[in-house]
Number of protein chains: 2
Amino acid sequence: MTEKAPARLAMNQATVPRWTTPELIEGCARAGYAAVGLWRDRVAETGTEKVARIAGETGMQVSTLCRGGWFCATGPDDRARRMDDNRRAVDEAAVLGAATLVLVCGPATNKDLEQARTEVTDAIMVLAEYAAGGNVRLAIEPLHPLYCGDRSVVVTLKQALEIGRSAEPPVGVVLDSYHLWWDPSLEPTLPEAAGRVESVQLADWLAPPPDHLNGRGMLGQGSIDLRRFVRLVDELTGYRGPIEVEIFNPDVWAIDPPVTLQLVADAYETHVA
Amino acid sequence: MTEKAPARLAMNQATVPRWTTPELIEGCARAGYAAVGLWRDRVAETGTEKVARIAGETGMQVSTLCRGGWFCATGPDDRARRMDDNRRAVDEAAVLGAATLVLVCGPATNKDLEQARTEVTDAIMVLAEYAAGGNVRLAIEPLHPLYCGDRSVVVTLKQALEIGRSAEPPVGVVLDSYHLWWDPSLEPTLPEAAGRVESVQLADWLAPPPDHLNGRGMLGQGSIDLRRFVRLVDELTGYRGPIEVEIFNPDVWAIDPPVTLQLVADAYETHVA
C-alpha cells in the first residue's frame, strides 16, 4: 500500500467522491499520482482560490476541470445564461491552472441533431476566443452514443475534431476509453488528433452496463483492451500527458479512497502500463 | 379501431410477444399490416411449416426472420455449432419465404474487437454462399454501440456495408432507427446502401433509456426524428419495402395486442408517414 503510483497516472475526482477536494489533492500527492481531474461543484465547496493554493503547495497538477458545455439553449436568455456559466468555468480553470476545461456538448433541445451540432459549434467558436484570452485550453469530450439523447450530440472523435477545427484557436479533445472504444474508425482517425489531445481518461466497459450513468468499470474488469487504447493514443497522436482514471460506479465509491488509489494503480500496472 | 394500417407498415413480433405466431399473423392481417417480422424461437413453438402455411393463407408477407449471427466462437467446435445453427436459420427463412434473415454480429469472445470483426466477416462469407443456394437474402444489422460489449461488434452502417461487400453475393443491411439515429455519418453513408437495404425497422430512443435491452420507445415518445430517418432512407437508398416496428419495452408488452397494433398505426401516421 505504500508504493508510488505509475508515472503518468492521474485520478479524477469522480472516482473517489467521498473525499473533499483538499483530501483528494493531498491523498493523491501522498500516493504519487501525477495529477488530479477536478469537478466544478466539488471545487466550489472549498473555494477555487483555496483549492488552487493547496494544489500549489502540494505540487499537484490539475489535469482537467469538469466541465463546461451544455450549450444547447431553449432561447436567447437561456443561451446567454449558458455562455456566462461557461465563461465562469474558463475563469475557474485559469485560477486552478487546470491543463484543460472539458466540454460536454449537448443535449439537443429538440429532435434536430444537426441544428444542435451547429449550435454547439457556434458556441465553441465564441468560447474559444474567451478562453484564449485567459490562457485556458478547451477540450471537447465526445461521449458514447449511449448519451446522445441526454448529454452530448458529439459522439465520435472524428466529429469532435471537426467541430474543434472550426474554432480559433482550434479546440482540442478528450479521449476517454469508455466513450470511444467501440468505434471502428477510432484507429484511422487518431492521427488527425495529433497535437489536439488535451486529456486521456480511462474506465472499462462492463457488459451489459449495470447503469446508464454510473455503470463504468474498474480497469481490467470489462470489455476494453485498455493497453491497446493507450498505446494507439501514444503512438498515433504523440500525447505524453497524464492518464486520468474516471470511474462512475457506486461499487468503487464504496471503497475507502486510499484503497481505491492503490487498486487503480495496481490495475493500471496490470492492464495498461 | 377499425381503420387499416398505413400501406408500408409492418409489425415485428417482439412488439407484441403476448400473441402466438398464428395470432400475430392473423391479427396483423385483420389490421391491414403489410408484413410481419418473426423470431425463430417463437416460430418454433408453432412449427415452421405450419407458420408458413398460415402466412400463405392470410396473404401475409414475412418481412424479416430474426435472427442468425452470433458468429464469434471460443474454438473450432463452437464455431461449427454456430455455423450449423445459422444454416438452419437460412433453411427456416426459406420455408417461411422471409424477405431476409437478420444477422446479429457479435459479441467478441475476448477484448480483441478487430479479430472479432474479421471472424464475423469470414463467417458471413461462408453463410452468404449457403444462403444464395436457398434463395435467402441475408442482412447485417448494425446495433447501437451500447451493445458492443454484449451483442454486436458491428455498430455503424458504414461498417455493416463494408463487411457485407466482402461476401459473394454481397450481403445487405437492416436500418433500425434505434441503432443508427445518433450517427453523424449516417446521412453521408446512406447513398452507399442503395440496393443493399433489406429491412427498415423503427423504435424511438427514450432518454435516458430505462433499460439496457428493453427500453425502446413507442414512435414519437423519444428523441429520434423518425420522419427524417425514413425520408432519408427512402430518398438516399431507394428502399420501398415494409417499415417494421420493433419495440422492446414491458410497458408496450402490457397493452392488449390489437390495441398495440392500432397505437402503432396511429403513431406511425402522426410521426412518420
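Refer to the structure presented above.
Enquirer: Mind showing me how you'd approach the overall build of chain A here?
Expert: Secondary structure assignment for chain A yields 11 helices and 10 strands. Projected onto its principal axes, the C-alpha positions of chain A cover 55 × 40 × 35 Å. Residue burial in chain A is summarised as follows: out of 273 residues, 59% are buried. Counting only contacts in chain A whose residues sit at least 6 apart along the sequence, the fraction spanning at least 24 positions is 80%. In chain A, which carries 26 positive and 38 negative side-chain charges, the distance between the mean positions of the two groups comes to 1 Å.

Enquirer: Is there a simple way to think about the interface of chain B and chain A in this case?
Expert: Interfaces are often described in size by the accessible area the parts lose on coming together. Opposite the 28 residues of chain B that make contact, chain A presents 28 residues. Of the roughly 2200 Å² buried at the junction of chain B and chain A (both faces included), carbon and sulfur atoms supply 68%. A per-residue breakdown of the area chain B buries against chain A is headed by Lys111(B), Trp182(B) and Pro184(B), which together make up 27% of the total. Our count for the contact surface shared by chain B and chain A stands at 0 salt bridges. Counting the contacts that link chain B with chain A gives 4 residue pairs in polar contact (both at pLDDT 80 or more). Secondary structure elements with two or more residues in the side of chain B that touches chain A: helix 5 (113-133) and strand 8 (204-205) of chain B. A total of 3 residues in the side of chain B that touches chain A trace back to one element, the largest contributor, which is helix 5 of chain B.

Enquirer: Is there a simple way to explain the sheet that holds strand 5 (residues 138-140) of chain A in this structure?
Expert: Strand pairing within a sheet occurs via backbone hydrogen bonds; the two strands may be parallel or antiparallel. Residues and elements named next belong to chain A. Around the barrel, 8 strands lie side by side as 1-2-3-4-5-6-7-10; this closed barrel has parallel pairing. Ignoring strand direction, the axes of neighbouring strands in this sheet form an average angle of 30°. The sheet contact formed by strand 5 and strand 6 (residues 172-176) spans 2 bridges and is parallel. When the bridges of strand 6 are listed, Ile140 appears paired with Val173. Taken strand by strand, helix 5 (residues 113-133) contacts strand 4 (101-104) and strand 5, and its axis lies near 155° from that of strand 5. The sheet contacts of helix 9 (residues 226-237) involve strand 6, strand 7 (197-202) and strand 10 (243-245), and relative to strand 7 the element is tilted by about 170°.

Enquirer: Sorry if this is basic, but what is going on with the nonpolar core here?
Expert: Most often, soluble globular proteins keep nonpolar side chains buried together rather than apart. The biggest cluster of nonpolar side chains holds 177 residues, and the ones touching the most others in it are Tyr33(A), Ile124(A), Leu175(A), Ile124(B) and Leu175(B). Setting aside anything within four residues of it in sequence, one finds Leu175(B) in contact with Leu157(B), Leu180(B), Leu190(B), Val197(B), Ser199(B), Val200(B), Gln201(B), Phe229(B) and Val233(B).

Enquirer: I tried to follow helix 1 (residues 21-30) of chain A on my own but got confused; where do I start?
Expert: Given 3.6 residues per helical turn, the α-helix brings residues three or four places apart onto the same face. All names here are of chain A. When we look at burial in helix 1, the residues that qualify are Thr21, Pro22, Leu24, Ile25, Gly27 and Cys28. Packing partners of the buried residues in helix 1 comprise strand 1 (9-12), strand 2 (35-39), helix 2 (40-46), helix 3 (48-58) and helix 11 (257-271). Just downstream of helix 1, Gly32 is the residue with a positive phi angle, here 80°.

Enquirer: Help me out: how do you make sense of the environment of Pro170(B) in this one?
Expert: Looking at where Pro170(B) falls in the secondary structure, it is placed in the loop between helix 6 (157-165) and strand 6 (172-176). Excluding residues that lie within four positions of it along the chain, Pro170(B) makes contacts with Gly164(B) and Arg196(B).

Enquirer: I keep staring at the relation of the copies chain B and chain A and nothing clicks. Help me out?
Expert: Taken together, a rotation about one axis and a shift along it account for how the two chain copies relate. With an axial shift of 0.0 Å and an RMSD of 0.0 Å, the rotation relating chain B to chain A amounts to 180°. Such values leave the two copies arranged in the relation of a two-fold axis. Relative to the rotation axis, the C-alpha of Leu146(B) is the closest in chain B, positioned 2.9 Å from it. Of all interface residues in chain B, 100% are interface residues in chain A too; the two copies therefore contact each other through one and the same surface.

Enquirer: I would appreciate a short explanation of the pattern of salt bridges in the present structure.
Expert: Between side chains of opposite charge, a pair can form when the charged atoms approach closely. All names here are of chain A. Summed over all chains, the structure comprises 35 salt bridges over all chains. A salt bridge links Arg231 to Glu235; the nearest nitrogen and oxygen atoms lie 3.7 Å apart. Here the residue Arg231 and the residue Glu235 both occupy positions in helix 9, the gap between them amounting to 4 residues, near one helical turn. With relative accessibility at 41%, the residue Arg231 sits in the partly exposed group. According to the relative accessible area criterion, Glu235 is exposed, its value standing at 54%. The structure contains a network of salt bridges with shared partners spanning Arg40, Asp85, Arg88 and Glu92.

Enquirer: Looking at this structure, how should I read the sheet that holds strand 7 (residues 197-202) of chain B?
Expert: All names here are of chain B. Strand order in this closed barrel of 8 strands is 1-2-3-4-5-6-7-10, and the pairing throughout is parallel. Looking at each pair of strands side by side, their axes are set apart by 30° on average, direction ignored. Packed on one face of the sheet, helix 4 (residues 76-96) meets strand 2 (35-39), strand 3 (61-69), strand 4 (101-104) and strand 5 (138-140) and runs near 175° to strand 3.

Enquirer: Explanation requested: the side chain of Arg117(B) in the structure shown.
Expert: Within the fold, Arg117(B) resides in helix 5. A residue is classified by how much of its surface remains accessible, and Arg117(B), at 7% relative accessible area, is buried. A polar atom in the side chain of Arg117(B) sits 2.8 Å from the backbone oxygen of Trp182(A). Non-local contacts of Arg117(B), meaning those with residues more than four positions away in its chain, are made with Trp182(A), Pro184(A), Cys148(B), Val153(B), Val155(B) and Gln159(B).

Enquirer: Sorry, what's going on with the packing of aromatic side chains here?
Expert: Each aromatic ring pair is summarised here by two numbers: the centre-to-centre distance and the angle between the ring planes. All names here are of chain B. This structure, assessed with the given rule, holds 7 aromatic pairs over all chains. On the basis of an interplanar angle of 85° and a centroid distance of 5.9 Å, the ring pair of Trp39 and Phe248 is categorised as edge-to-face. One end of the pair, Trp39, is in strand 2; the other, Phe248, is in the loop between strand 10 (243-245) and helix 10 (250-253), with 209 residues separating them in the sequence. For Trp39, a relative accessible area of 14% puts it in the buried group.

Analysis parameters
For every chain, the first residue of its written sequence is number 1, and the numbers climb from 1 along that sequence. Lettering for chains starts from A, numbering for ligands starts from 1, and both go in the order in which the items are written. Selection of residues for local features in this predicted model requires a pLDDT of at least 70, selection of side-chain atom pairs for listing and counting requires 80 or more, and totals for whole chains, interfaces and linings are taken over all residues. Hydrogens and waters are ignored; side-chain quantities use all the structure's heavy atoms. Helix and strand definitions follow DSSP, with helices as H or I runs of at least four residues and strands as E runs of at least two, each counted in order from the N terminus. For each residue, the accessible area found with a 1.4 Å probe, counting protein chains only, is set against the maximum for its type, and the residue is called buried under 20%, exposed over 50%, and partly exposed in between. Contacts were defined at the residue level, with two residues in contact if any of their heavy atoms lie within 4.5 Å. Charged residues are defined here as Lys and Arg on the positive side and Asp and Glu on the negative side; His and the ends of the chain fall outside this count. Lys charges are placed at NZ, Arg charges at CZ, Asp charges at CG and Glu charges at CD. Once two parts are brought into contact, the accessible area they lose, counted with a 1.4 Å probe and summed over both, makes up the buried area. A carboxyl oxygen of Asp or Glu within 4 Å of a side-chain nitrogen of Lys or Arg is what we treat as a salt bridge. Think of a polar contact as two N or O atoms within 3.5 Å of one another; within protein, one of them needs to be a possible hydrogen donor and the other a possible acceptor, and neighboring residues in sequence only count if both atoms come from side chains. Pairing between two strands is assigned when DSSP locates at least 2 bridges connecting them. Inter-axis angles, ranging from 0 to 180 degrees, are taken between N-to-C directions of lines fitted to C-alpha atoms, where helices are fitted over the stretch in contact. Among the buried residues, those of types Ala, Val, Leu, Ile, Met, Phe, Trp, Tyr and Cys that are joined through side-chain atoms within 4.5 Å form a nonpolar core. Least squares is used to superpose the copies, and the fit set is the C-alpha atoms of residues whose pLDDT is at least 70 in both copies. Centres within 6.5 Å are what make two rings of Phe, Tyr or Trp a pair, Trp counting through its six-membered ring; a difference in plane orientation under 30 degrees is then read as stacked, over 60 as edge-to-face, and the rest as tilted.

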